[in-house]
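Here are the chains, one letter per residue:
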Amino acid sequence: MAVRRSAAPLDSASLYAEYPFLPGAESLLRDPSWTVRSLFEDRRYDPARGLGRARILAAADDPRAVNEVAEFADASPEVRYLSFVFARVTLACAPSLAGLRRWAVAESKRSSARLERLSGAEQEEEILAVSAKMQVGMSPGPGGVAVPLVEYLRLAAPIREADFRLVRQDVRRGEVEVRSARAARLLEEAIRRRLAEPLPLNEDVVRFVRERESELFAQLAARMPLPTARTGVSGGALRADRFPPCIRKMRRTLQQGENLSHAGRFALAAFLHRAGADPETIVDAYRGAPDFDESITRYQVEHITQHDGGAGYTPPECETLRSHGLCAREGDPTAAEPADRVPDPLCFEERLHHPLQYYQIRGGTVVERGEEARGSREVNRPAEAPGTPGPPGRSRSTGRR
Ligand code: SF4
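The present account deals with the structure reproduced in this document. Keep in mind that this is a model prediction, so the values were computed, not measured.

**Looking at the overall build of the chain**
Per the secondary structure count, the chain includes 18 helices and four strands. Put simply, the chain has 401 residues, and 42% of those count as buried. In the chain, the proportion of contacts linking residues at least 24 apart, taken out of those at least 6 apart, comes to 75%.

Here's what the structure looks like:
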């Protein structure tokens, strides 16, 4: 794996190769007769397809791994650009958009990692060059970079680190003054959003790409496995399709590479544990989080699931989830599935007090606290969670920005 250790100011060809999503990056192409079909079929594009597949699969394993794809080191700017286009089109044609969201997280992290390796004037220059082409509106400021207030609020909203709260910023004349490292983090968010947007492709292209890349889609699905029950849990497999609306929405949020609140992350891990998910499945649920850190997530999941001698925490009941804005019984208008967009009648029944109760009524199996060895039995109204340890999926704030 080749990992770039230092970075220098870029000429425009190198800038586009590093940031292939920028308008104008198509100028890297030497052959203007290029088409989507030729990119997927023509032998001369073998290197671009190979690198594109590597980018996709690395992102599926770990969003940070894209930075370490060995083929990047030797690829020409044109091949790097085409590999990006290949990955973007392929993932837009995938049966699930989860891969696209995860890849968007990975590519945005790759860009911000490059910006973080720079320093001083070089760093500011490159941040401003990328920002200008993305029309984010950053400009040179007295202490680093000035970000229009509206843009700051939009980009910082999903970033949970306390240092990004507006009350801690230096706001002057409608602009937020930030140091370059913080500006790089904001740009990361802008890039992630842009790349996570699905592409409008016609049915013929989608069918063609799915046929051509069926093997890649199979590998992708294997790397993002469906929820699995841990061994020893009676009652069989996890029934993700029977999860309550709140839990389904939490999972979608993370799969889309968006942030989930501390309370949501805790509730999701505790719910999956009591539904019988194995630890890998619980960790996998957080892989799309913009701040995903594998080792910290494992530690936090273990903390939640092994609490109280292995019984694990109980997820919060409906009332608590409602008070945190996590109840989704009214339907989620942003959901792709029609069933997720409408109110769920079961959630409005008087007897319904807890997400695990919902799951059980829908036919799912709930593992009783501390009773796993003896199998599972009915849960009527589980106790409130005793507390919320550190939320899974989140890297610790290093205070570096
Ligand atoms: S009513 Fe309860 S189970 Fe249903 S979505 Fe709200 S919190 Fe979840």
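**Brief notes about the site of the ligand**
Around the ligand, the neighbouring residues are Pro244, Pro245, Cys246, Cys318, Leu321, Cys327, Ala328, Arg329, Cys347, Leu352, Pro355 and Tyr358. Going through the elements one at a time, helix 11 (245–255), helix 16 (318–323) and helix 18 (355–361) are the ones with two or more residues in the shell around the ligand. For the shell around the ligand, the per-class residue count stands at 11 nonpolar, no polar and one charged.

**A look at helix 8 (residues 180–196)**
Between its first and last C-alpha atoms helix 8 spans 24 Å; for 17 residues at 1.5 Å apiece the expected length is 24 Å, and the two agree. Burial within helix 8 is extensive, with 14 of its 17 residues counted as buried.

**Side note on the environment of Leu326**
As for its placement among the helices and strands, Leu326 is situated in the loop between helix 16 and helix 17 (338–341). Residue Leu326 is classed as buried on the basis of its C-beta count, with 22 C-beta atoms lying within 10 Å. Separated by 59 residues in sequence, Leu326 and Ala267 place their C-alpha atoms 9.4 Å apart. Excluding anything up to four places from it in sequence, Leu326 contacts Cys246, Ala263, Gly264, Ala267 and Leu321.

**Description of the sheet that holds strand 4 (residues 175–178)**
In space, the four strands of this open sheet follow the order 1-2-4-3, with antiparallel pairing throughout. Single-partner strands in this sheet number two, and they are strand 1 (139–141) and strand 3 (170–172). Averaged over all pairs of adjacent strands, the angle between strand axes in this sheet comes to 40 degrees, irrespective of strand direction. The sheet strands contacting helix 7 (residues 149–156) are strand 2 (144–148), strand 3 and strand 4, and the helix crosses strand 2 at an angle near 90 degrees. The strands that helix 8 touches are strand 2 and strand 4; relative to strand 2, the one it contacts most, it runs at about 40 degrees.

**What to know about the nonpolar core**
Generally speaking, a soluble globular protein has its nonpolar side chains buried in company with each other. Membership of the largest hydrophobic core comes to 58 residues, with the highest contact counts inside it found for Ile56, Leu82, Trp103, Ile127, Val147, Ala183 and Leu187. Those residues in contact with Ala183, other than ones at most four positions away along the chain, are Ile127, Met138, Gly144, Val145, Val147 and Val178. Counting 33 residues, the second largest nonpolar core, distinct from the first, contains Leu238, Leu254, Ala277 and Leu356.

**Observations regarding unusual backbone geometry**
Of note, Gln135 is a non-glycine position whose phi angle comes to about 60 degrees, a positive value. Tracing the backbone shows Gln135 in the loop between helix 6 (120–134) and strand 1. Note on Gln135: 9 C-beta atoms within 10 Å, which makes it exposed. Here Arg173, not a glycine, exhibits a phi torsion of approximately 45 degrees, which is positive. Mapped onto the secondary structure, Arg173 falls in the loop between strand 3 and strand 4. In this structure Arg173 comes out as exposed when scored by C-beta crowding, with 6 C-beta atoms within 10 Å.

Reading guide: rules and limits
- Throughout this document, residue positions are counted from 1 along each chain, in the order its sequence is written.
- Where totals are concerned, whole chains, interfaces and linings use all residues; where local detail is concerned, this predicted model gives features only for residues with pLDDT of at least 70, and gives and counts side-chain atom pairs only at 80 or more.
- Starting at the N terminus, helices and strands are each numbered in turn, a helix being any DSSP run of H or I of at least four residues and a strand any DSSP run of E of at least two.
- Labels follow a simple rule on C-beta atoms placed from the backbone: if 20 or more others lie within 10 Å of a residue's own, it is buried; if 12 or fewer, it is exposed; otherwise it is partly exposed.
- What counts as a contact is two residues whose backbone-derived C-beta atoms lie within 7 Å of each other.
- In this analysis, residues qualify as near a molecule or strand once their C-beta atom, positioned from backbone atoms, comes within 6 Å of it.
- All amino acids are sorted into three groups, where Ala, Val, Leu, Ile, Met, Phe, Trp, Tyr, Cys and Pro are nonpolar, Asp, Glu, Lys and Arg are charged, and the leftover types, Gly among them, are polar.
- Every helix has an expected span of 1.5 Å times one less than the residues it contains.
- Two strands make a pair as long as DSSP finds a minimum of two bridges between them.
- For helices, the axis comes from a line fit to the C-alpha atoms of the stretch in contact; other axes are also lines fit to C-alpha atoms, and the angle between any two N-to-C directions lies between 0 and 180 degrees.
- Residues of type Ala, Val, Leu, Ile, Met, Phe, Trp, Tyr and Cys that are buried and joined through C-beta atoms within 7 Å form what is called a nonpolar core.

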